[in-house]
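Observations on chain architecture
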Amino acid sequence: MKTDEYYMKIAIEEAKKAELLNEVPIGAVIVLDDEIISASHNLRETEQRSVAHAELLAIDKACKSTGSWRLEDATLYVTLEPCPMCAGAIVLSRVKRVVYGASDPKGGCAGTLMNLLQEERFNHQAEVVSGVLEDECSNMLSSFFKKIREQKKMKKQSSKDNLQNLTDGIR
């Protein structure tokens, strides 16, 4: 039997695929009976769909793979703590376990802001394991957003320089 770290490394590889597309680097893998039945990464920008999160895409593939909407014995590995939408889909698809890397202080619904995955009022709860390869997952996201901020700063500076050159040319 493979470890949570083994499968999280595969989720990280999925996240790297997202980053190559200039997507937020989030990857997800779903495992059933120690076999990967689906893997996906964030595609919101590529597809221009708010629901194209790594977890939802992986759940959709897993349901098609198994021929069932119930993923009762499956484990979902994801590099970032699920948001409310993904947590809802996890509960509705009956995923047994959720293992995530980095916590999400702005939208995490597997224990950080709230814990929808273990809400007893729902008819299903998932086991939650947090912090698996957390540093690697967090660093990947931090680096991505730092790069985005630097690109915006450079673009703003370039626009400023262009405006100054135009102004100088008028004088």
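Calculation criteria
- Think of each chain on its own: its residues are numbered from 1, step by step along the sequence as written.
- In keeping with the predicted nature of the model, local features appear solely for residues at pLDDT of at least 70, side-chain atom pairs appear and are counted solely at 80 or more, and the whole-chain, interface and lining totals rest on all residues.
- Heavy atoms from the whole structure form the basis of all side-chain values; hydrogens and water molecules are not counted.
- Salt bridge, as used here, is a side-chain nitrogen of Lys or Arg placed within 4 Å of a carboxyl oxygen of Asp or Glu.
- Where helices and strands are cited, they refer to DSSP runs of H or I of at least four residues and of E of at least two residues respectively, numbered from the N terminus.
- Burial status follows relative accessibility: with a 1.4 Å probe on protein chains alone, a residue under 20% of its type maximum counts as buried, one over 50% as exposed, and anything between as partly exposed.
- Charge counting follows a simple rule: Lys and Arg are positive, Asp and Glu are negative, and His as well as the terminal groups are ignored.
- Here a polar contact means two N or O atoms within 3.5 Å. Within protein one must be a hydrogen donor candidate and the other an acceptor candidate, and residues neighboring in sequence count only if both atoms are side-chain atoms.
- Whether two residues touch is decided by their heavy atoms; if any such pair falls within 4.5 Å, the residues are in contact.
- By the convention used here, strands pair only if DSSP detects at least 2 bridges between them.
- Clockwise travel from the first strand over the helix to the second, with the strands pointing away from the viewer, marks a crossover as right-handed.
- Nine residue types can take part in a nonpolar core, namely buried Ala, Val, Leu, Ile, Met, Phe, Trp, Tyr and Cys, and a core is a set of them joined through side-chain atoms within 4.5 Å.

Before going further, it helps to examine the pattern of salt bridges. One pass over the full model with this rule turns up 7 salt bridges. Among the salt bridges present, the one from K64 reaches D60, with a minimum N-O distance of 3.2 Å. Taken together, the positions of K64 and D60, both in helix α3 (residues 54-66) and 4 residues apart, correspond to about one turn of that helix. A salt bridge links R121 to E119; the nearest nitrogen and oxygen atoms lie 2.7 Å apart. Look at E119 and you get partly exposed, because its relative accessible area is 22%. One network of salt bridges, with partners in common, ties together D4, R97 and E127.

Before going further, it helps to examine the side chain of E81. Along the chain, E81 turns up in the loop between β3 (75-80) and α4 (84-92). Of the side chains with opposite charge, K106 comes closest to the buried, unpaired E81, at an N-O distance of 13 Å. A polar side-chain atom of E81 sits 2.9 Å from the main-chain amide nitrogen of D104. Of the polar contacts made by the side chain of E81, one reaches the side chain of T112; its length is 2.5 Å. Beyond its immediate sequence surroundings of up to four residues, E81 is in contact with Y100, A102, S103, D104, G108, C109, A110, G111 and T112.

Turning next to unusual backbone geometry. Despite not being glycine, N22 shows a phi value in the positive range, around 65°. Structurally, the position occupied by N22 is in the loop between α1 (4-20) and β1 (27-32). The phi torsion at L133 lies on the positive side, around 55°, for a residue other than glycine.

Before going further, it helps to examine the environment of E150. You can see E150 is positioned in helix α5 (residues 134-170). In the structure, E150 is positioned 22 residues away from V128 in sequence and 35 Å away in space, judged by C-alpha atoms.

For strand β4 (residues 97-102), the tally of buried residues reaches 6 of 6 residues, placing the bulk of the element in the interior. Bridge count for β3 against β4 is 5 bridges, and the pairing is parallel. Across the sheet, V78 pairs through a bridge with Y100, a residue of β4. What joins β3 to β4 is α4, and the crossover it makes is right-handed. One ladder, built from 3 bridges, connects β4 with strand β5 (residues 127-129); its direction is parallel. Across the sheet, residue V99 finds its bridge partner in β5, namely V129.

Moving on, we get to the nonpolar core. If you look at the biggest cluster of nonpolar residues, it comprises 46 residues, and the most contacted ones within it are I30, I59, L71 and L117. Going through the elements one at a time, α1, β1, α3, β3, α4, β4 and α5 are the ones with two or more residues in this core. With 6 residues, the single largest contributor to this core is α3.

What follows covers the side chain of E23. Along the chain, E23 falls in the loop between α1 and β1. Buried and unpaired, E23 has no salt bridge, with R44 as the nearest side chain of opposite charge at 5.9 Å. In terms of polar contacts, E23 uses its side chain to reach the backbone amide nitrogen of T46, at 2.5 Å. Ignoring sequence-local partners within four residues, the contact set of E23 consists of A18, N42, L43, R44, E45, T46 and F144.

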